[in-house]
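Inside the fold
Each chain, letter by letter, is given below.
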Amino acid sequence: DDLARNSTFEEVCYLLWNGELPNAEQLAGLTAQLEAERGVSDELMGMLRGYPKDADPMAALRTAVSALGMFDGAADDNSDAENRRKAILLTAKMPTIVAAFDRIRQGREPVAPKAGLSTAANFLYMLNGEEADEVRVRTMDVALVLHAEHGMNASTFAARVTAGTLSDIYSAITSAIGTLKGPSHGGANVEVMNMLREIDESGTDPKEWVLQALESGRRIMGFGHRVYKATDPRATVLRELADQIMQGSQQTRWLDLSDRIRGVMAEEMEKKGKKIYPNVDFFSASVYTTLGIGMDLFTAVFAIARVPGWTAHLLEQYANNRLIRPEVDYVGPRGLKVKPLAQR
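Here we summarise the structure given alongside this text. (Residues numbered from 1 in each chain as written. Predicted model: local features only at pLDDT ≥ 70, side-chain atom pairs only at ≥ 80, totals over all residues. Heavy atoms only, no water.)

We now examine unusual backbone geometry. Positive phi outside glycine occurs at Leu 166, with the angle close to 70°. Mapped onto the secondary structure, Leu 166 falls in the loop between α9 (154-164) and α10 (169-180). Assessed through its relative accessible area of 51%, Leu 166 is described here as exposed. (Helix = DSSP H or I, 4+ residues; strand = E, 2+ residues; numbered from the N terminus. Buried < 20%, exposed > 50% of the residue type's maximum accessible area, 1.4 Å probe, protein only.)

Structure follows, in structure tokens:
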């Protein structure tokens with residue numbers, strides 16, 4: 001909550017990689033390094049142009065990140081200095097890759113990153129072809145901060161397992177992106193938006209829709225969390241941002257609908273003696289939609305935000321590495337013998 005309200009995404013990147021917030025000089029240095037790495041090569045841009053136009057953006061991002069490793073002559077150098085360079089490179093290039101692929105698949109030319117803009121401002125600029133206003137940039141920046149790191153979740157664990165074999169950092173981030181691609185991990189906010197649109201398009205009263213869904217055993221997306229047993233603190237910050245950005249754009253219907261659903265869920269859970277609260281996905285869906293981000297890009301935006309967190313874990317893994325090899329209990333049959341082929 002403190003970071004989201006009082007810092008920027010770049011400051012949080014520095015914090016994750018170094019364990020402390022930067023001073024002005026350190027922040028300026030990191031900002032310059034990120035700016036220098038935002039562009040992508042003609043070879044990689046050519047690959048993006050060759051992807052199927054109907055490819056999943058997460059598949060496009062996963063493949064492009066893997067390709068970055070082939071273009072880096074020091075990809076297999078796992079020294080701390082080299083991996084810190086790669087962490088900056090990946091954090092800088094992933095927004096450019098996502099925005100370029102989105103424009104290419106729409107038949108539009110990619111927009112090159114612009115000097116002097118932050119990560120959040122550049123992403124919206126490259127995506128939409130024009131600079132966003134201050135409220136939208138701040139909203140995007142806070143969304144990136146809120147998603148930058150979240151402990152040992154599935155994608156982070158996948159990345160550390162890959163790094164544990166002493167494979168390169170590009171392979172580890174490719175593993176993380178592939179894991180995040182699954183709808184049970186990174187796609188939850190897409191399901192929230194699908195739910196909101198279904199209710200909106202059906203014309204059904206939100207309360208009646210929720211009650212019918214609960215009665216049929218259907219899950220209400222955007223509620224509950226494996227870690228948080230109270231309100232997800234990230235959801236609180238996003239709710240405030242959603243109010244600001246939607247009031248400013250006079251597009252409040254998604255927020256109004258979300259608040260109706262939240263109210264019904266609170267009433268129904270109280271009747272059942274349960275406490276299930278909104279999570280970060282509940283409000284990020286409507287915030288991203290209002291920012292002009294397509295629904296199938298939501299998970300890719302998640303990846304853009306999470307890469308400093310992933311790479312911070314990887315720097316830690318490489319620095320004190322041990323192969324991750326979980327033990328298992330075999331529960332299958334024992335004592336079997338091979339029968340000759342003719343007797344099977």
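Our focus in this paragraph is helix α16 (residues 298-319). The first and last C-alpha atoms of α16 sit 32 Å apart over 22 residues, in line with the 32 Å expected at 1.5 Å per residue. Buried residues dominate α16, accounting for 20 of its 22 residues. (Expected span 1.5 Å × (residues − 1).)

Time to look at the side chain of Glu 11. Relative to the assigned elements, Glu 11 resides in helix α2 (residues 9-18). No salt bridge is formed by the buried Glu 11; the nearest opposite charge belongs to Arg 138, separated by 7.0 Å. There is a polar contact of 2.9 Å between the side chain of Glu 11 and the backbone nitrogen of Thr 8. (Lys, Arg positive; Asp, Glu negative; His and termini not counted. Salt bridge = Lys/Arg side-chain N within 4 Å of Asp/Glu carboxyl O. Polar contact = N/O pair within 3.5 Å; in protein donor to acceptor, adjacent residues only side chain to side chain.)

Mapped onto the elements, Ala 312 comes out in helix α16. Look at Ala 312 and you get buried, because its relative accessible area is 15%. Between the C-alpha atom of Ala 312 and that of Gly 129, which follows or precedes it by 183 residues, the distance is 31 Å. Once residues lying within four places of it in the same chain are set aside, the contact partners of Ala 312 are Leu 16 and Trp 17. (Contact = heavy atoms within 4.5 Å.)

On to the nonpolar core, then. Among the nonpolar cores identified, the biggest contains 109 residues, and Met 140, Ile 220, Ile 261 and Ile 293 are the most heavily contacted of them. Considering each element in turn, this core owes the most residues, 13 residues, to α16. (Core = buried A, V, L, I, M, F, W, Y, C linked by side-chain atoms within 4.5 Å.)

All right, on to helix α8 (residues 134-146) then. The terminal C-alpha atoms of α8, which comprises 13 residues, lie 18 Å apart, in line with the 18 Å expected from a rise of 1.5 Å per residue. Along α8, the positions that sit buried rather than exposed are Val 137, Thr 139, Met 140, Asp 141, Val 142, Ala 143, Leu 144, Val 145 and Leu 146. Where α8 begins, the capping side chain belongs to Asp 133, and its oxygen is found 3.2 Å from the backbone nitrogen of Val 135.

Running from N to C, helix α6 (residues 80-105) and α10 cross one another at 40°; their axes reach a closest spacing of 10 Å. One way to sum up the angle between α6 and α10 is to call them oblique. At the point where α6 passes α10, the crossing takes the right-handed sense. Contact residues: Asn 83, Lys 86, Leu 89, Leu 90 and Met 94 in α6; Ile 169, Tyr 170, Ile 173 and Ile 177 in α10. When the residues that make up the contact of α6 with α10 are grouped by side-chain class, the tally is seven nonpolar, one polar and one charged. (Axes fitted to C-alpha atoms, helices over the stretch in contact; angles between N-to-C directions. Parallel < 35°, antiparallel > 145°, perpendicular 65-115°, else oblique. Left-handed = near helix turned anticlockwise from the far one by under 90°. Nonpolar A, V, L, I, M, F, W, Y, C, P; charged D, E, K, R; others polar.)

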